[in-house]
Every structure is written in C-alpha cells, then in structure tokens.
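Working through the structure, step by step
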Amino acid sequence: MKMTGSQILLECLKLEGVDMVFGYPGGAVINIYDDLAKSSIHHILPRHEQAAIHAADGLARATGKVGVAIATSGPGATNTITGLATAYMDSIPMVVITGQVPTSLIGNDAFQEADIVGITRPCTKHNYLVRDVRTLAETIKKAFYIARTGRPGPVLIDIPKDVQVAQTDFVYPETVELRGYKPNFSANPRQVDKALKMILDARRPLIYAGGGVTAANASALLQDVAELAQIPVTTTLMGMADMPRKHPLCLGMLGMHGTYYANMAVTQCDLLIAVGARFDDRVTGKVDAFAPHAKIIHIDIDPTSIKKNVRVDLPIVGDVRDVLSKLHGSMVQQSESVKAFAEGNSPWLEVIEGWRAAHPMAYRSSESIIKPQQVIQSLCEMADEDAIITTEVGQHQMWTAQFYDFKQPRTFLTSGGLGTMGFGLPAALGAQAAYPDRQVIDISGDGSFQMNSQELATLVQYRLPVKIAILNNNFLGMVRQWQQLFFDKCYSQTCLSSPIDFVKLAEAYGAAGLRAERPDEIQDVIRQAFAIDGPVIMEFKVAREENVLPMVPAGVGLDKMILL
Amino acid sequence: MTHTISVLLENEFGVLARVSGLFSGRGFNIESLTVAPTLDPSVSRMTIVTSGDDAILEQITKQLNKLIDVIKVIDFTGQDFVQREMALVKVAADEGTRAEILRIADIFRAKIVDVTPRSYTVEVTGAPSKVAAMIELVRPLGIKEIVRSGPIVMGRGA
Ligand SMILES: Cc1ncc(C[n+]2csc(CCOP(=O)(O)OP(=O)(O)O)c2C)c(N)n1
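What you see is a predicted model, and the numbers here were worked out from it, not measured in a lab.

1. So, the overall build of chain A
Helix and strand content of chain A: 24 helices and 20 strands. Relative to the globule expectation of 24 Å for 564 residues, the C-alpha radius of gyration of chain A, 24 Å, shows essentially globular dimensions. Seen through its C-alpha atoms, chain A measures out along the principal axes to roughly 70 × 60 × 40 Å. Put simply, chain A has 564 residues, and 60% of those count as buried. Taking all contacts inside chain A whose residues are at least 6 apart in sequence as the whole, residues at least 24 apart take part in 76%. Charged side chains in chain A number 51 positive and 59 negative. The centres of these two groups are separated by 4 Å.

2. Considerations on the interface of chain A and chain B
Accessible area lost when the parts come together is the quantity often used to give the size of an interface. On the side of chain B, 19 residues touch chain A, which itself brings 17 residues to the contact. In total, chain A and chain B occlude about 1,500 Å² of area from one another, counting both sides; carbon and sulfur atoms represent 49% of this. For the chain A face of the interface with chain B, the top three residues by lost area are Arg121, Arg179 and Thr304 of chain A, together amounting to 40%. Taken together, chain A and chain B are joined by four salt bridges. For Arg179 of chain A, the salt bridge is made with Glu10 of chain B, and the minimal N-O distance between the two is 2.8 Å.

3. Some words on the confidence of the model for chain B
Low pLDDT marks regions whose predicted coordinates should not be analysed in detail. Residue and element names in this part refer to chain B. Predicted confidence across chain B gives a mean pLDDT of 96, with 100% of residues reaching 70 or more. Looking over chain B, one finds the lowest element-wise mean pLDDT in strand 9 (residues 152–155), namely 94, and the highest in strand 7 (residues 119–126), namely 98. Taken over the whole predicted complex, pTM reads 0.96, whereas the ipTM for its chain interfaces reads 0.92.

4. Digging into the sheet that holds strand 3 (residues 43–51) of chain B
Residues and elements named next belong to chain B. One open sheet accounts for four strands, arranged 2-3-1-4; its pairing is antiparallel. One side of each edge strand has no neighbouring strand; the edge strands of this open sheet are strand 2 (32–37) and strand 4 (70–75). If you compare each strand with its neighbour and ignore which way they point, the axes differ by 15° on average. Inspection of the sheet shows strand 2 paired to strand 3 by six bridges, in the antiparallel sense. Looking across to strand 3, one finds that Val35 is bridged to Met46. The strands touched by helix 1 (residues 15–25) within the sheet are strand 1 (2–10), strand 2 and strand 3, with strand 3 carrying the most contacts at an inclination of about 15°. This element, helix 2 (residues 54–66), spans strand 1, strand 3 and strand 4 of the sheet and lies at about 160° to strand 4.

5. Points about the pattern of salt bridges
Applying the stated criterion to the full structure yields 39 salt bridges over all chains. Here Lys38 of chain A ties to Asp34 of chain A by a salt bridge, and the two come within 2.9 Å at their closest N and O atoms. Given the relative accessible area of 61%, Lys38 of chain A is considered exposed. By relative accessible area, Asp34 of chain A is classed as partly exposed at 43%. Asp40 of chain B is the salt-bridge partner of Arg179 of chain A, the closest N and O atoms lying 3.7 Å from each other. Taken together, the residues span two chains, with Arg179 of chain A in the loop between strand 8 (167–169) and helix 9 (189–201) and Asp40 of chain B in the loop between strand 2 and strand 3.

6. Observations concerning the environment of Met134 of chain B
Residues and elements named next belong to chain B. Locating Met134 in the fold gives a position in helix 4 (residues 128–138). A sequence separation of 30 residues divides Met134 from Ile104, and the C-alpha atoms of the two residues are 7.3 Å apart. Sequence-distant contacts of Met134, that is, excluding residues within four places in its chain, are made with Val89, Ile104, Phe108, Ala110, Val122 and Val124.

7. Concerning the pairing of strand 5 (residues 81–92) of chain B
Direction of pairing for strand 5 of chain B relative to strand 9 of chain B: antiparallel, over a ladder of four bridges. When the bridges of strand 9 of chain B are listed, Phe81 of chain B appears paired with Gly155 of chain B.

8. Remarks on the packing of aromatic side chains
Residues and elements named next belong to chain A. Across all of its chains, the model carries 14 aromatic pairs over all chains by this definition. Aromatic side chains Tyr363 and Phe403 sit 5.5 Å apart centroid to centroid with 85° between the ring planes, which places their arrangement in the edge-to-face category. Note that Tyr363 is positioned in the loop between helix 16 (346–358) and helix 17 (372–382) and Phe403 in helix 18 (residues 395–403), a separation of 40 residues in sequence. Take Tyr363: its relative accessible area is 17%, and that puts it in the buried class. Among the residues examined, Phe403 registers a relative accessible area of 5% and is labelled buried.

9. Structural notes on the pairing of strand 15 (residues 388–391) of chain A
All names here are of chain A. Of the two faces of strand 15, the one carrying Ile388 and Thr390 and the one carrying Ile389 and Thr391 are both buried. Inspection of the sheet shows strand 15 paired to strand 17 (residues 440–445) by four bridges, in the parallel sense. Across the sheet, the residue bridging to Ile389 is Ile441, located in strand 17. Strand direction decides the pairing type here: strand 15 and strand 16 (residues 412–413), joined by two bridges, are parallel. Residue pairing across strands places Thr390 opposite Leu413, the latter belonging to strand 16. For the segment spanning strand 15, helix 18 and strand 16, crossover handedness is right-handed.

10. Focus on the sheet that holds strand 10 (residues 233–235) of chain A
Residues and elements named next belong to chain A. Sheet architecture is open: six strands sit in the order 11-10-9-12-13-14, paired in parallel fashion. Across the chains shown, the open sheet's two edge strands, defined by having one partner strand only, are strand 11 (250–253) and strand 14 (314–317). Between one strand and the next, the sheet's axes are offset by a mean angle of 15°, whatever the strand orientation.

11. Observations concerning the site of the ligand
All names here are of chain A. Taken together, 17 residues form the shell around the ligand, and within it Gln395, Gly419, Gly447, Ser448 and Gly477 come nearest. Within the backbone of Met421, a nitrogen or oxygen atom sits 3.4 Å from a nitrogen atom of the ligand. Within the backbone of Gly447, a nitrogen or oxygen atom sits 2.8 Å from an oxygen atom of the ligand. Compared with its free state, where it exposes 590 Å², the ligand has 76% of that area covered by protein. At the level of elements, helix 18, helix 20 (446–449) and helix 22 (477–486) are the ones that each hand at least two residues to the shell around the ligand. Of the residues belonging to the shell around the ligand, the class tally is seven nonpolar, nine polar and one charged.

Conventions used here
Residues numbered from 1 in each chain as written. Chains lettered and ligands numbered in written order. Predicted model: local features only at pLDDT ≥ 70, side-chain atom pairs only at ≥ 80, totals over all residues. Heavy atoms only, no water. Helix = DSSP H or I, 4+ residues; strand = E, 2+ residues; numbered from the N terminus. Rg over C-alpha atoms; globule rule 2.2 N^0.38 Å. Buried < 20%, exposed > 50% of the residue type's maximum accessible area, 1.4 Å probe, protein only. Contact = heavy atoms within 4.5 Å. Lys, Arg positive; Asp, Glu negative; His and termini not counted. Charge placed at Lys NZ, Arg CZ, Asp CG, Glu CD. Buried area = accessible area lost by both parts, 1.4 Å probe. Salt bridge = Lys/Arg side-chain N within 4 Å of Asp/Glu carboxyl O. pLDDT = per-residue confidence, 0-100. Pairing = 2+ DSSP bridges. Axes fitted to C-alpha atoms, helices over the stretch in contact; angles between N-to-C directions. Phe/Tyr/Trp six-rings, centres within 6.5 Å; stacked < 30°, edge-to-face > 60°. Right-handed = clockwise from strand over helix to strand, strands pointing away. Near = heavy atom within 4 Å. Polar contact = N/O pair within 3.5 Å; in protein donor to acceptor, adjacent residues only side chain to side chain. Areas by Shrake-Rupley, 256 points an atom, 1.4 Å probe, with all protein chains shown as cover. Nonpolar A, V, L, I, M, F, W, Y, C, P; charged D, E, K, R; others polar.

Written as structure tokens, this is what we have:
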C-alpha cells in the first residue's frame, strides 16, 4: 500500500512500540502533525523544544525505553541541541525527528533552514538526513536499533518536507544490516575468569558502579555479586539508584562531593572493579592520585571508555549484564574459595566502617533556618519507595545525591555528564507521563528552575502531578560556593536578588504553590503537596550560604577532602 | 610517532565530516588525509597519517571504530606495507637550471608534465621519503608551488 513519508514515520514508531512522543509543531513538520492528530500515538506539547527532548529523555531514563521527540526545522531543531548533548553524555536511548526544508532548497539558506545533521554530529550517537522516501522506513529501523543497542545514545533523523509528503510502498524491514556497527554484547569468558582470579587475590576490593549498570538493567546482579563476595560498592551519580543506599555494602557516591568513606576506600583499595563507569574527572580528581594502590578491572560495553583516562590492568568489553552474570556464575562454581574470600574481607569492611563512623554524611542542623539537606531527608522519608526523583544542576543536585536514600533502579534522573540546568522539570514531566500513578519529584534550585519553568503549563494541561521542591537560596549556589572557597567570596553574578513569589507563579499557571520558611514547616508542606492531585511547587527558603561538603578541590587526590 | 591508518567506510553523505570532526573534536592530529571509493563503490577508503603516543593511537583507532559508518580500521604501523605519495612540484626554470631539473627528475624517475618558458612542473611518485628528498634537491632552484597528494598504503602480499 502506498503511504506518505509522514504516515510511514508514525507507522514505524508504532511498530517500535512507541505510544508517546514529545514535540513542538512548525512549518517543516506540519504534515507529520496532521497525521499525528489522526494517529493513536499520544503527543505531549511541552512549551520549548529543549523541554521536549528532556521529557523524552526523562521517559527513557525512567522506563528504559527509547524516548522520542519531534521538532520543526531551523530554530526548532537548534533548540534540541542541549537536550541531545545531555542525553549523549549520559548514554540515553532516544530518537529525535526534525523537519527540514525541502531537499531542493537544502543549502540555499532557505527560511528556517539549519544544517542540523552537521550541527548535531558530535552530540548524537549517529544521525541521518533522509533524502528519499524509499529509504525512510529502513532509516528509522536503523535509528532505533542504534539508539538502544551497545552503549545507548540519541539518534537524530532529519526529514525534509518533500520526503514527508512523497509516497511509496511501506515495508518495515525485519532486520538491520549495518556492517560498521557490531556492538560486542558477549564478554570473553577467559577475561571473566581472570577477573575472578584477581578478585580472589585481592585483600581490599572495591566495586565502582556507574550508569552502565542502569543501562544494562543489571542492578540486581550487581548486588548479587557484591553480596556473594562481600565487596563494598561505591557508585557514581549515574549509578546511584542501582545500589540501595541502606545496603550495608553501599558506600554512596565517590568523587568531588562523594562520601568520606567512599573516597578513602578508593584511595586505599588494592582492587578497583569499575562496572559501566568511565572515570570522569569529577570522579577521579587528580588522576595520578586516583586508586594509587589498586589494580583496575574495567567492565564496559564501549571500548573507547577503557584506558581513556586511567591505566587498566584487565579490560572486559561487553554488556555489563552479560559480564556480571558470567562472573556470578563463576563465583557460584567456585563457591568454596569465594566464601573464604568473602570472610577474609571483614577486616577491610571494618576499616571502612571506621571511616564511616568518623565522618558520616552529616550537616549542621538549625532550629530557626531551613537547611537544604533537611528538606531532602524529609522528602526521602515521606515519599513512596518507588518515587522518581529528578534534579536540576547545582548544590541541590549534590545534596540529593548525598542525602536521599535511593532504593530502586531508575528512580534518580539527573544530568550527570553535561550537568544541564533546566533538565529536571521536563525530565520529571516525561517520567510522570510514563508513570501517571507514581510520585515524581523534581528537586530544584531557584536558578535552574527558571531555565524551564514554562513547563508548569504543560504539567497543568496534561494533569501531570509532578511535585517540585525548590530549595531557594537566592543564589546560583554551586557557583557561589566555588567563589566563596576559591575566589575570595567575590560573588560575581551569582546573586539572584530579585525575589520571585514562587507560590504566585504556580498559581498563575493553574498549579498549587506552598511555602516553608521555618524548619518546623517542612513536613507540613510536603504532606500537603503529596495530598494534592496535581502539580505543586513547594518553595523552601533555605540557608543562603550553605556549602556542599565533603568537597575535593580541583587538582588534588580524593583523600584530600574539605570536610564538614 | 607517525602512523598511517587505513579506514574503510560507508560511501555515504557526510562521512568525511564525521571523521574529520572526530579528529578535531578530540584534538587528534591529521597530517594528511586522502579518500576515494574502493573496488566496491559502496565503500570508501580513507588513508590518514596521524601522530601520537600509543595511548592516543589506541583512542584514535577505537574512536574511529565507534563511528557507525566505519567498517574497518587498519593501523599499518609495524606491518609490511607499500606506501606511495605523489607530488606535483612547479620549479622555476631558466637557461642555467633546466638541465639540472631534468637531471634530478631523472634520478627520481619523475616526469615533466608541464613546461613554460619560466617553469617546469615535475610529477614525482614514491615513498613519502623519496618525494621529500626530491623536493629538497630542487628547493635551491626555486620552488613556485607544491601539491602533495598525501600517502596511500596497501598491505604487502596476497
Ligand atoms: C545550562 C547551565 N548553565 C550554567 C551552568 C553552570 N552552573 C552549575 S551549577 C549553577 C548554579 C545553579 O543554581 P541553582 O539552580 O539555584 O542551584 P543551587 O546550586 O543554588 O542549588 C550554575 C550556574 C550549568 N550547569 N548549566
């Protein structure tokens, strides 16, 4: 049967299991929107293309599915860049469709033309310009395959207007043939055996788990391996929800704002097992002083991650799930020696407990003024077990990582690699759209909130009951902290002095607004917010110059922390 | 250390930009780059001369392999291969130098491909070191212009 390009696009999306897309219309996608109106695919209209991408990203992070977003040509397409770069840095599977001027006009500086394939080349896993409707279905098939396999990432498909209206016979290919793309899922069993041998030889082993564990849905396996061998686990920001914070082997986050005990454990361990993590500079601090006594095993699906920043003694390329299940299998086979090893670990675990006791995660509480950490703890106590937390970027993000006890995978959605302010609200929107019945909370700063605050309108329109907790310090707090510590308190352009009435702002959009100014009001505000069946802003007036600690200053080793 | 890398890639729109963007975005060197279709017209071959220590070369190879359009990457360093480059060299020529240019061209088995009253254009082909050596010999005579193709390579044997 003959179909138009835009009909083919929607048909392919359905065949890929997509039932919800986020997008913003315009001249170059008007045909797609005409067909969308008649389609069973649910479309959500955020108020900015950046937010559409972050929303699709939030959906992808919360569900593990491929997030899909649509934008028009030119400014619509360029507005997607920050969202694409955010998803690319955090390896989030997405397919983004952009409209393009007709093929005959490409290169002519036509109205609303932008070379989006050229612009997004370095911030997508791959991208396509479709020049012929006969290749459209195949291209979409490839795009989804590339987005979700290997190290996942965003793929952009640019579809000129004439390709959207051109007709052809629709055939969706069953398989994908990409001779240049063969992700290596299955780990070499010999490497896994070597890993087990190195583990059994270690005295002070440590697992360092990252977002690759989430991507591979390997949280349970990670815990199984850690428990069987009694190996403590520290996580990155991205891997945080894969290891329940209250688990006795969990040391919380490592790196610049990591826990004292996690950073000490990294510095003292004699074997570091990196699982789906990439030794980012916020994690390692000074590279030469990172895990100086350790042999390093690096498990990752992306060979380029291995030996990029640090030396590695044993690389294992493969899907984290496959590697961990093979490792677990070998451990079960050698249960006697693994048991002896696990028992032998207790002195090391005691040393770590000593560090934990000496410097637990803490802050100085106050009777009169709200400490931001206290808000996070209260949210954690009062929210559901499976509540999904998103954050923006700044101090509030780090406090969330430090003080929220995550319990389940895919419940912490945060921009780790790019550090994008304005991510949290639209990501919460996407997660809530995917899970209408779960609690979704965006923990925000007053600065970041204003980067995508227009999404309040979307929440109200689609009855998405996202709860927004703004930790209002009237500062771009994280930058202010650096200025305080490293620039003699010269608070250049970080004071957001014009006071905003966030309660009225919420009301103006048709959402509810609540405010807490004293510590004894925190719980009341949260309780009320959770009871409201709709989007709510909770504004917490917090201590203005509170700092995120511990902190490893730039250029030193992880054990050189500034402590509370 | 200098490395010559041969890359087989899909003969698709924009692949050259993907490769050159990768090198510039990650701060890798490109000393020369040639590209043309292979026996199979759907595949292009790119020959890249680059430099860096082992760690950088490992990253370059891995990053190239990571590109979806890249089918195969071969680093010829340490292997047995034939390497050839072509240069066109326009040399100032007058009564006193014409014979000398011809003599040098003869030694290098180069050809004169264009002649004007004031210049000879010499075409030389060979290993990059040979091309460089000929250029050095004619340099004192006055070089007006040089165009070098950048090297191409092929593994030796069947
Ligand atoms: C889009 C973007 N611009 C700038 C920055 C740099 N930056 C990092 S944290 C921060 C301050 C964030 O302030 P706020 O959202 O109020 O959070 P707080 O640190 O006060 O908790 C800034 C400006 C960024 N991460 N993202």
